[in-house]
Amino acid sequence: LVLWVMLSFFDAIPREVLECALIDGCSPASALWRIALPLVQPGIVVSTILAFVFAWNYFLFALVLSGFSSKTLPVAAFNFIGEGATNWGGLMAAATLIALPPLILAFSVQRWLVHGLTVGAVKG
């Protein structure tokens with residue numbers, strides 16, 4: 001998914017811009033670093049948030065591969081659910097703590113996130 005998102009951002013860069021950078025003396029790596037990456041910065045932000053949220057919420061992978069001493073937060077919250085009873089207070093507190101880092105990340109980069117999600121919506 002991240003590759004598809006980034007592909008649309010790199011496709012939106014006009015080829016002439018990169019050709020002008022090469023004519024002005026940039027190497028291909030320098031053109032990528034100095035021209036292309038600043039132009040696709042909203043896409044990088046969106047891709048970073050998507051990758052972080054998907055990795056943060058990947059419960060089944062963490063449940064199967066984590067040991068007793070090393071657990072991710074979603075797997076640790078799963079321990080509040082028992083066979084006969086569920087500790088709803090602890091589960092809701094854990095769910096709130098688990099949801100905070102992605103929310104803080106999304107609010108801190110909201111300006112780039114909105115631009116990054118809408119830049120490929122209209123073909124011009």
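Rules and cut-offs
Residues numbered from 1 in each chain as written. Predicted model: local features only at pLDDT ≥ 70, side-chain atom pairs only at ≥ 80, totals over all residues. Heavy atoms only, no water. Helix = DSSP H or I, 4+ residues; strand = E, 2+ residues; numbered from the N terminus. Rg over C-alpha atoms; globule rule 2.2 N^0.38 Å. Disulfide = S-S within 2.5 Å. Core = buried A, V, L, I, M, F, W, Y, C linked by side-chain atoms within 4.5 Å. Buried < 20%, exposed > 50% of the residue type's maximum accessible area, 1.4 Å probe, protein only. Contact = heavy atoms within 4.5 Å. Expected span 1.5 Å × (residues − 1). Axes fitted to C-alpha atoms, helices over the stretch in contact; angles between N-to-C directions. Parallel < 35°, antiparallel > 145°, perpendicular 65-115°, else oblique.

Novice: Explain the overall build of the chain here, please?
Specialist: Scanning the chain from N- to C-terminus turns up 8 helices and 0 strands. Taken from the N to the C terminus, the helices and strands of the chain come in the order α-α-α-α-α-α-α-α. The C-alpha atoms of the chain give a radius of gyration of 21 Å, which is well past the 14 Å a tight globule of 124 residues would have. In terms of overall dimensions, the chain has C-alpha extents of about 70 × 30 × 20 Å along its principal axes.

Novice: Help me out: how do you make sense of the state of the cysteines in this one?
Specialist: Going through the model one piece at a time under the given rule, you end up with 0 disulfides. Cysteine cysteine 26 is unpaired, with the sulfur of cysteine 20 as its nearest cysteine sulfur at 11 Å.

Novice: Help me understand the nonpolar core, please; the structure alone is not making it clear to me.
Specialist: Counting residues in hydrophobic clusters, the biggest one holds 7 residues: Val5, Met6, Phe9, Ile13, Ala36, Val40 and Val46. Broken down by element, this core gets its largest block of residues, 3 residues, from helix H1 (residues 2–11).

Novice: What is the right way to read the side chain of serine 47 from this model?
Specialist: Relative to the helices and strands, serine 47 is located in helix H4 (residues 41–56). On the basis of relative accessibility, which here comes to 5%, the residue serine 47 falls in the buried class. Apart from the residues lying within four places of it in its own chain, the contact partners of serine 47 are Val2, Val5 and Met6.

Novice: Is there a simple way to explain helix H7 (residues 88–108) in this structure?
Specialist: The periodicity of an α-helix, 3.6 residues per turn, causes residues three or four positions apart to be oriented the same way. For H7, with 21 residues, the first-to-last C-alpha span of 30 Å sits near the 30 Å given by 1.5 Å per residue. At its buried positions, H7 is contacted by H4 and helix H6 (73–78).

Novice: What is the right way to look at the packing of H1 against H4 in this model?
Specialist: Two numbers describe a pair of packed helices, the interaxial angle and the distance between the axes. Between H1 and H4, the shortest axis-to-axis distance is 9 Å and the interhelical angle comes to 175°. The angle between H1 and H4 falls in the class roughly antiparallel. Along its contact with H1, which presents Val2, Val5, Met6 and Phe9, the element H4 presents Pro42, Gly43, Ile44, Val46, Ser47, Leu50 and Ala51.

By themselves, these are just geometric observations and shouldn't be taken as functional.
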